[in-house]
Amino acid sequence: MAKKMRETIISYILPILLFLFAVETHAHNVTRLLSNHPSFSSFNHFLTQTHLADEINRRTTITVCAVDNAAMTALTSKGYTISTLKNILSLHVLLDYFGAKKLHQISGGSALAATLFQATGEAPGTTGFVNITMLRGGKVGFGPKDGDLSSFFVKSIEEVPYNISVIQISRILPSDTASAPTPPPAEMNITGIMSAHGCKVFAETLLSNPGASKTYQGSVEGGMSVFCAGDDAMKGFLPKYNNLTAPNKAAFLDFLAVPTYNSMAMLKSNNGPINTLATDGANNNFELTVQNNGEKVTLKTRIN
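Report follows, based on the coordinates. In this text, all values refer to a predicted model and were calculated from it rather than measured experimentally.

Here we look at helix α4 (residues 69–76)
Item 1. Within α4, burial applies to Ala71, Met72 and Leu75. One side of α4 holds all its buried residues, which, seen down the axis, span an arc of 100°.
Item 2. Buried-residue contacts for α4 involve α2 (41–49) and α5 (82–90).

Concerning unusual backbone geometry
Item 1. Cis peptide bonds are those with omega within 30 degrees of zero, and the linkage from Pro161 to Tyr162 qualifies with -15°.
Item 2. With respect to the helices and strands, the residue Tyr162 is situated in the loop between β8 (151–160) and β9 (164–169).
Item 3. In this model, His51 sits at a positive phi of 70°, which is unusual for a non-glycine residue.
Item 4. Mapped onto the secondary structure, His51 falls in the loop between α2 and α3 (52–58).
Item 5. Here His51 falls in the buried class, since its relative accessible area comes to 15%.
Item 6. The backbone of Asp146 shows a phi angle near 70°, a positive value even though the residue is not glycine.

Concerning the pattern of salt bridges
Item 1. Per the stated rule, a full pass over the model turns up five salt bridges.
Item 2. For Asp54, the salt bridge goes to Arg58, with nearest N and O atoms at 3.2 Å. Placement of the pair is Asp54 and Arg58 together in helix α3, with a separation of four residues, close to one helical turn.
Item 3. Put simply, Lys145 and Asp146 hold a salt bridge, and the shortest N to O gap is 3.4 Å.
Item 4. Taken together, the shared-partner salt bridges connect Asp54, Glu55, Arg58 and Arg59 into one network.

Considerations on the packing of helix α9 (residues 200–207) against helix α11 (residues 231–242)
Item 1. Between α9 and α11, whose axes approach to 8 Å, the crossing angle comes to 40°. It follows that α9 is oblique to α11 by the angle criterion. Where α9 abuts α11, its residues Lys200, Val201, Phe202 and Thr205 lie against Asp231, Met234, Lys235, Leu238 and Tyr241.
Item 2. The residue inventory of the contact of α9 with α11, partitioned by class, reads five nonpolar, one polar and three charged.

A look at the pairing of β8
Item 1. Sheet topology places strand β7 (residues 140–144) next to β8; two bridges connect them, and they run antiparallel. The partner of Gly141 across the bridge, within β8, is Phe152.
Item 2. The antiparallel hairpin formed by β7 and β8 contains six residues in its connecting segment, where Asp146 sits at a positive phi of about 70°.

Re the sheet that holds β8
Item 1. Pairing is mixed across the open sheet formed by seven strands, whose spatial order is β4-β3-β9-β8-β7-β6-β5. Each having just a single partner strand, β4 (93–94) and β5 (110–114) make up the two edges of the open sheet.

Parameters at a glance
Residues numbered from 1 in each chain as written. Predicted model: local features only at pLDDT ≥ 70, side-chain atom pairs only at ≥ 80, totals over all residues. Heavy atoms only, no water. Buried < 20%, exposed > 50% of the residue type's maximum accessible area, 1.4 Å probe, protein only. Helix = DSSP H or I, 4+ residues; strand = E, 2+ residues; numbered from the N terminus. Arc of directions from axis to C-beta. Contact = heavy atoms within 4.5 Å. Salt bridge = Lys/Arg side-chain N within 4 Å of Asp/Glu carboxyl O. Axes fitted to C-alpha atoms, helices over the stretch in contact; angles between N-to-C directions. Parallel < 35°, antiparallel > 145°, perpendicular 65-115°, else oblique. Nonpolar A, V, L, I, M, F, W, Y, C, P; charged D, E, K, R; others polar. Pairing = 2+ DSSP bridges.

Take it as geometry only, folks, not as evidence of what the structure does.
So this is what it looks like as structure tokens:
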């Protein structure tokens, strides 16, 4: 496929649902902050899968109310779709800064905080607000507006005053509105998006391969990223591609996509190997290695 340790500088990166061509800078990265705390790995995982992590990173004054892995099990065991999980978790992202000190010094003993769920327009009326109330004994309770204060402040996890605060609360906030079934997303025209952004030859090559096309489409809802070659690069590679066997053609196309959502900002903050759609067990470990240096992101592979 390429010379040993071939390096490919990313010219087009296609995270599904989002294209990032401009340089982005953020004062914080929520997934990086939470990666230092393994007991919140499930919450962190679903921030990425629902694409909420990128939305959080774009904002400058925000509080994330995280729950630990045990509390997340109560949520993930219910079989919610990714869209519903996004609504539920967006209720746990407050559009204001609440560090541990501020939580215990709330003026009047109570406050209403708007959330990302409210900001999406999916929450009717004020159902996307969270009530924060000081309780006897120094406890701080959390609950949906007009709902019970059934979750409590446990501890501060990470604080970057007054930019982002990540705190632990004791349980997922109950909300019939946020957990209501959501209609399935409309089928995304992946190849149409590629063609419109300089990857027409790659898109046409993908369309001509039913196996790889099916694999791509089946990965969309869970989140994926495609490193599609630009038209000039793909045209230059087509003679070699056309000489590949049918299984190897599919493997090549699958090799250029990973089954997780990665914005450019996420790639800039993460070094190391990532599995691709072509990976099939230990004997067929087709992975890419992400290396970043400042604003430059490089993909490396040892595959020949």
